[in-house]
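# Report on the structure
Take a look at the letters that make up each chain.
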Number of protein chains: 2
Amino acid sequence: MLLRCCHNLTRLGCLNTQRHQVAPAVALCAVRLWSSSEGQRSYQRAHGPSWRHALAGLLAGTGAVLAYGLHHHKAEQADAIKVQTIEKTSGLPVFTQEEVTSHRSLEDGVWVTYRGAVYDITDFVAMHPGGDKILLAAGGDLEPFWALYAVHNQEHVLEILSEYKVGVLSAEDLKKQQTVKSSDPYSSDPKRHPVLRINSQKPFNAEPPPELLTDSYITPSAIFFKRNHLPVPQVDPASYRLHVEGLPGGVLTLSLEELKTRFPKHTITATLQCAGNRRSEMNQVKQVKGLNWGIAAISNATWSGARLRDVLLAAGYGPDVAKWACHVQFEGLDKDVTGTTYGSSIPLNKAVNEEGDVLLAYEMNGEDLPADHGYPVRVLVPGTVGARNVKWLGKIIVSAEESNSHWQQNDYKGFSPGTDWDTVDFKSAPAIQELPIQSAITTPADGAVVNRSGEEVTVKGYAWSGGGREVVRVDVSLDGGKTWQVAQLRSTEKEQAPKPSPPPGRAWAWKLWELTAPLPPEAQELEIVCKAVDNSYNMQPDTVPPIWNLRGVLSNAWHRVKVNIREDESEE
Amino acid sequence: MLLRCCHNLTRLGCLNTQRHQVAPAVALCAVRLWSSSEGQRSYQRAHGPSWRHALAGLLAGTGAVLAYGLHHHKAEQADAIKVQTIEKTSGLPVFTQEEVTSHRSLEDGVWVTYRGAVYDITDFVAMHPGGDKILLAAGGDLEPFWALYAVHNQEHVLEILSEYKVGVLSAEDLKKQQTVKSSDPYSSDPKRHPVLRINSQKPFNAEPPPELLTDSYITPSAIFFKRNHLPVPQVDPASYRLHVEGLPGGVLTLSLEELKTRFPKHTITATLQCAGNRRSEMNQVKQVKGLNWGIAAISNATWSGARLRDVLLAAGYGPDVAKWACHVQFEGLDKDVTGTTYGSSIPLNKAVNEEGDVLLAYEMNGEDLPADHGYPVRVLVPGTVGARNVKWLGKIIVSAEESNSHWQQNDYKGFSPGTDWDTVDFKSAPAIQELPIQSAITTPADGAVVNRSGEEVTVKGYAWSGGGREVVRVDVSLDGGKTWQVAQLRSTEKEQAPKPSPPPGRAWAWKLWELTAPLPPEAQELEIVCKAVDNSYNMQPDTVPPIWNLRGVLSNAWHRVKVNIREDESEE
């Protein structure tokens, strides 16, 4: 029933986001928040204003990068003026905005302002968890950046900042700054399904509850995991244009209508997975940087659109281009306050190969793309990490070089467990493209109780591998990995007939699996473990610590859940 | 110096195998045999007739599938007559060859003869470790089969056989049988390099010593691992013909000269690995069936030849064929006594894709293919398990079906550790094509001693992944996997400049790696471990038991060696 509800919401969602209307039923829904603390999961049901307290609890509890960030502008402005007043009387030097603006590089020093105070953060740049993106704020005010990356709304961030205070901003410049302060860039984000477990509100990042995830082979769009890097842009389908650059024919510009009518429509079923899926398991080993995803930053949908290959051919791609070009870059229409858009790239051969199946998708599960999934057009790069599947696609550039974006160059890469933030060289690792073999148990949940009288336990989950490699087997253990049984796989909805295997290298969609096994007679607890095998016979690593990496990506060790067996009361 | 020697031998080998001459120096060389017993490796240097005893020791020690099988025909014939005499006097029924021949199916019973006795092995067929290949001998004599598969030359095999004895062969038929007994089909096998460690003499299977393997980036042909399934066929290059079947143009027949002149010559550097590489580590967990390979059933060479794609296009391949064809089958010219040739197949898209780089190779390391590597023509399927790289290629068949050969259907497949010979269903697993990520430590050897005064330890090895996935990192641990350091990779000979990465999906060659690290101050022993990562970020599994499988293939857990640190004597 819940899934039917999801399905209806999907359709409502599409309408709503385009028309800026909110179904009251959705708006009033309670939101479930999800916390992971010392291996136990607790659900907190929070209503309206109490969300904020629930989230504060989450942040304090796990140190995870989670935030909701309700902005109360009036209160903030009052605070700022108070700060300013205090500073004025503290005898610290007063700087003009012009003086601050002259410090915008490591050579000249990096100065920023925040709530009327001036900070020289030159020495902090190298330590910034978000990398050199901090330089975008150099010479200006931090506030609009912190509004985008709400992770900064934590007390200890302000404490760190205070160590770098060098003065205050002149009263005149502060007044100017406050009058141009932008409104919340996330205010036009679409409404979301209340069942989603939110990892970050701004930008919006959320995953479905695991037990819902594998109830359907095709994930309803409303509960498909959401992974946004920036505010959701408002795109008018009538004026939308897609630009294709870097080819001999000059720039090809396509309207949405042209994209839909000039090129054949292709449909594929493909699973997308965030590089950070299952990051929370790495956090349990040692703190990493990134959203604290559970096991559900992965979902499966059907996608329809024009083939990227066809569009590139229409734009002038040919054998001569292949001699110098190596990459196809994508730019989204989502941007930060400086106008920097989300971007990434994929290898040229994936883009142009007939068997690559890369789509410029305008439909998801048979309907227009929802706003959170890239309306009106996104790239769908099957078999490839979510981060390259650029949403709200604005520009395609055929190039000799990879995308120069932060997300291609200094993020979404894997490192050795021995590499830390002092020693990491982002140039030394390739940008993640194809993902490795993955599987997880969605039911039973960790800590669940199974009755002895049931005599059996049923274990369910998903399995998927990148690069179009088909999952060929899932092994399940009830004893922590000592003995193994083979699960049943399926690649259709439960009631549908099995489908034949896709051609080699084009298995883009996950398999759901299930095993029903007798309860071991003596056991009081089961440690259920799963591991999958793809048709290149890649296996998952046994344990998390040896694959731990400072960004917490590529977390694909065997998944383990512990369940207790309850002995039934005697029948006397 | 040894490698220079190898190189010279390579060239000598080419000449010799074509001309049926033997360099006396090679013929007189001692052969090193290799045994693995309870984790310790011992080398036995055996000369001339004493080989046999050394090998008997090996077989008794490990139960491994190893054999040399010197045939002393006269002694055997005398034995057979003695057996026959005993049987005649024992009162067992006497059968004619015609009666035996009438029992050649499970329905009619399966009878065989061996040294004059008649056996009804109907009940044994299902238990035969070699599968239903035993039926090839139904109604006939076992001896020629056992000469091919010398694993049978063990006492306990005779004991098993004796349980099925039902009578003796008539004296007249026994005499006939002995007069047509074929000579040793392996008698024309080429001479091999004495440094090779022999896992099986007939068919010949051998690997180089690990410490030699990674001394050169390109493995000299003479020490490149040898994996034959049958006797090496004698092929006359002048009368050699390659047949290409299954395409609209009818059969295309090419002479060696035509293959070399009608099609452009392509050269690639590619690593081949046997599916059973590192099987000995699985044997240490629980006995598996197969040759007891160490870590060196993998080697790297340059290969030149015509592209399979070009030959298929010339033979009529086109888009219409792609509508019904899915596989390209290969048949070797090596055959067993029944005329069954070695065979396998690969997916069509690997064969016809421009980026698949499949060659019909006629050169290895710049010279004609050596006899052991498929003279005059073999298939070279880069990124794919050795078993599909058919040697002494006789026929290519484009087909809707996979090869029906034993090696495609009932061998070279992976299974769950919980699957045993009673439960295995070979149809349930895909034929191995691309291999998973692999790495191993070639130096120091397990059990080596490192001097404390050296202050450092240098670890070397190889790393490779199937499917053209480039190795991007090798992690090395000196403490059993608790902490990790990143090794230096190289993809050229030591003295050569580094090369840029190949295009994505076309990294066919291994990387050699090296790490020099300080000796941990307190340690008395090091447990050195390596694990590699490919550019799909596939990792090796941590341990062997969870990937154990009844055929002992795909053994790619972390490789571990233990070395002792010797505290130096005081300088007093």
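Per an unreviewed UniProt entry, chain A goes by the name Sulfite oxidase and belongs to Dicentrarchus labrax. Regarding chain A, the UniProt comment filed under Subcellular location (unreviewed entry) reads as follows: "Mitochondrion intermembrane space". Quoted straight from UniProt, the Catalytic activity (unreviewed entry) entry for chain A says "sulfite + O2 + H2O = sulfate + H2O2".

A count of helices and strands for chain A gives 15 helices and 29 strands. By residue count, 59% of the 572 residues in chain A fall in the buried class. Taking the intrachain contacts of chain A between residues at least 6 apart in sequence as the baseline, contacts between residues at least 24 apart amount to 72%. Carbon and sulfur atoms make up 52% of the accessible area of chain A, which totals about 23,800 Å².

This next bit is on the environment of Ala 351 of chain B. Residues and elements named next belong to chain B. Tracing the sequence through the fold places Ala 351 in helix α14 (residues 348-352). Look at Ala 351 and you get buried, because its relative accessible area is 1%. Sequence separation of Ala 351 and Pro 545 is 194 residues, and the distance between their C-alpha atoms is 35 Å. With sequence-adjacent residues up to four places away left out, Ala 351 is seen in contact with Leu 308, Arg 309, Leu 312, Val 328, Ile 346 and Val 358.

Frequently, the measure chosen for interface size is the accessible area that the parts lose on association. With 38 residues of chain B in contact, the opposing surface of chain A contributes 38 residues. Summed over both sides, the interface between chain B and chain A buries roughly 3,000 Å², with carbon and sulfur atoms accounting for 52% of that surface. Here the side of chain B that touches chain A takes 3 residues from strand β24 (residues 471-477) of chain B, the largest share from any one element.

This part takes up the sheet that holds strand β10 (residues 226-227) of chain A. Residues and elements named next belong to chain A. Spatially, 3 strands are ordered β8-β9-β10 in an open sheet, and the strand pairing comes out antiparallel. The sheet terminates laterally at β8 (197-200) and β10, the two strands that pair on one side only. Looking at chain direction, strand β9 (residues 205-207) and β10 are connected through 2 bridges and run antiparallel. When the bridges of β10 are listed, Ala 206 appears paired with Lys 226.

Turning next to the sheet that holds strand β7 (residues 165-169) of chain A. Taken in spatial order, the 5 strands line up as β3-β7-β6-β5-β4 (chain A) in an open sheet, and their pairing is mixed. Looking at the sheet topology across the chains shown, the edges are occupied by β3 (94-95) and β4 (104-105) of chain A.

On to the packing of aromatic side chains, then. Applying the stated criterion to the full structure yields 20 aromatic pairs over all chains. Aromatic side chains Phe 95 of chain B and Trp 111 of chain B sit 4.8 Å apart centroid to centroid with 65° between the ring planes, which places their arrangement in the edge-to-face category. One end of the pair, Phe 95 of chain B, is in strand β3 (residues 94-95); the other, Trp 111 of chain B, is in strand β5 (residues 109-114), with 16 residues separating them in the sequence. A single burial state applies to Phe 95 of chain B and to Trp 111 of chain B, both of which are buried. When the ring of Trp 421 of chain B is compared with that of Phe 426 of chain B, the centres are 6.2 Å apart and the planes differ by 45°; the resulting orientation is tilted. With a relative accessible area of 34%, Trp 421 of chain B lands in the partly exposed category. Looking at Phe 426 of chain B, the relative accessible area reads 13%, which means it is buried. Taking NZ or CZ as reference, Arg 192 of chain A lies 3.8 Å from the ring centre of Phe 204 of chain A, over its face.

Thresholds applied
- Residues numbered from 1 in each chain as written.
- Chains lettered and ligands numbered in written order.
- Predicted model: local features only at pLDDT ≥ 70, side-chain atom pairs only at ≥ 80, totals over all residues.
- Heavy atoms only, no water.
- UniProt positions renumbered as here; feature names shortened; annotations may be inferred.
- Helix = DSSP H or I, 4+ residues; strand = E, 2+ residues; numbered from the N terminus.
- Buried < 20%, exposed > 50% of the residue type's maximum accessible area, 1.4 Å probe, protein only.
- Contact = heavy atoms within 4.5 Å.
- Areas by Shrake-Rupley, 256 points an atom, 1.4 Å probe, with all protein chains shown as cover.
- Buried area = accessible area lost by both parts, 1.4 Å probe.
- Pairing = 2+ DSSP bridges.
- Phe/Tyr/Trp six-rings, centres within 6.5 Å; stacked < 30°, edge-to-face > 60°.
- Lys NZ or Arg CZ within 6 Å of the ring centre and 35° of its normal.

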